[in-house]
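# Coordinates in review
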Amino acid sequence: MTAPALADKLTDVSTDEAVEGFVDEVAHLLRSQAAGIIGNLAAVIPVVLAVQWLCVAVFGAPAVGAKEGRYVLETTTLLGPTALFAAFTGVLLFASSLIAGWVENWFVWHRLDSAIAWNPRFIARLGQPRAARWAAWWRRNISGLASNISLGLMLGLVPAVAAFFALPIEVRHVTLATGQLAAAVGALGVSILGQAEFWWCVAGIAAIGVLNLGVSFLLAFKVALRSRGIRLADRSRIYRAIGRRARLRPLSFIVPPR
């Protein structure tokens, strides 16, 4: 949804006020996505730790063992190719948004919500009110379902396909990497918190989050600019305005105004 939101604000950038309004929209979108990342991490860490410790209590061994925990510490560290893989994952995030947009356009173009609401078999089996609710639910959620399903498939299949062709490509998604590091803590014990390699992995996760969000946002930003045919001179004004906001009010991209 990032590119359409940005494109909507790019309808008129002829004045400085309009450009500032666009920069405000950029700040709003970055804040919302940063909040989503923080919410994901706040949930995944305690859940993974609880699963690990519950498995120890019930089965006598964690779900993710010490061998896998060591592998996480070796592959998530900022000292390796983590940043490169995180940037590539940002491209996959953007690609999933393109798939979601295509699926929603296809859904609307073929009027599938009306087909569900007025299908005689659906009406006979579900009743008219429930069929209408089903149609409205699919209309609201089809893009989100397409985005999440396609992203899950790409995160799982792209590394396997790349390995088949002997390409050293992996994915680094901030939520998955954080869950893996939490699982490593559950497998190896809290004593690894005092080891430098653990904190290099924490730094790696911070870089993963920035690159996941930054690369996908930058690609969406480019699409929005091209969709409106923004002239090079206006693009320069927009870039300068964003840079000025980043210098003078950097926290506005993370913390909402009062």
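Structural data are supplied above this passage.
Residues numbered from 1 in each chain as written. Predicted model: local features only at pLDDT ≥ 70, side-chain atom pairs only at ≥ 80, totals over all residues. Heavy atoms only, no water.

### Some thoughts on the overall build of the chain
Of regular secondary structure, the chain possesses 10 helices and zero strands. From first element to last, N terminus to C terminus, the chain shows the α and β order α-α-α-α-α-α-α-α-α-α. Referenced to the eigenvectors of the C-alpha coordinate spread, the extents of the chain come out at roughly 60 × 55 × 45 Å. Here the chain holds 258 residues, and 36% of them are scored as buried. Of the contacts made within the chain by residues no fewer than 6 positions apart, 75% connect residues no fewer than 24 positions apart. For the chain, the computed accessible surface area is about 15300 Å², with 68% contributed by carbon and sulfur atoms. On the chain, the mean spot of the 24 positive side-chain charges and the mean spot of the 14 negative ones are 5 Å from each other. (Helix = DSSP H or I, 4+ residues; strand = E, 2+ residues; numbered from the N terminus. Buried < 20%, exposed > 50% of the residue type's maximum accessible area, 1.4 Å probe, protein only. Contact = heavy atoms within 4.5 Å. Areas by Shrake-Rupley, 256 points an atom, 1.4 Å probe, with all protein chains shown as cover. Lys, Arg positive; Asp, Glu negative; His and termini not counted. Charge placed at Lys NZ, Arg CZ, Asp CG, Glu CD.)

### With respect to the side chain of Gln52
For Gln52, the position within the fold is in helix H2 (residues 16-59). When residues no more than four places from it in sequence are discounted, the contact partners of Gln52 are Pro62, Ala63, Val64, Ala183, Gly186 and Ala187.

### Digging into the pattern of salt bridges
Under the criterion given, the structure shown has nine salt bridges. Where Asp16 meets Arg237, a salt bridge forms, and the shortest distance between an N and an O atom there is 3.4 Å. Of the two residues, Asp16 sits in helix H2 while Arg237 sits in helix H10 (residues 232-248), which places them 221 residues apart along the sequence. Of the residues examined, Asp16 reaches a relative accessible area of 56% and is grouped as exposed. The shortest N-O distance in the salt bridge between Arg245 and Asp24 comes to 2.8 Å. (Salt bridge = Lys/Arg side-chain N within 4 Å of Asp/Glu carboxyl O.)

### Structural notes on H2
Between its first and last C-alpha, H2 extends 64 Å over 44 residues, near the 64 Å set by a 1.5 Å rise per residue. Positive phi shows up at Gly60, right after H2, with a value of about 85 degrees. (Expected span 1.5 Å × (residues − 1).)

### Thoughts on helix H1 (residues 2-9)
Among the residues of H1, Thr2, Ala3, Leu6 and Ala7 are the ones counted as buried. Within H1, the buried residues cover an arc of 125 degrees as seen down the axis, which keeps them to one side. Facing away from the buried side of H1, by more than 90 degrees, are the exposed residues Pro4 and Asp8. (Arc of directions from axis to C-beta.)

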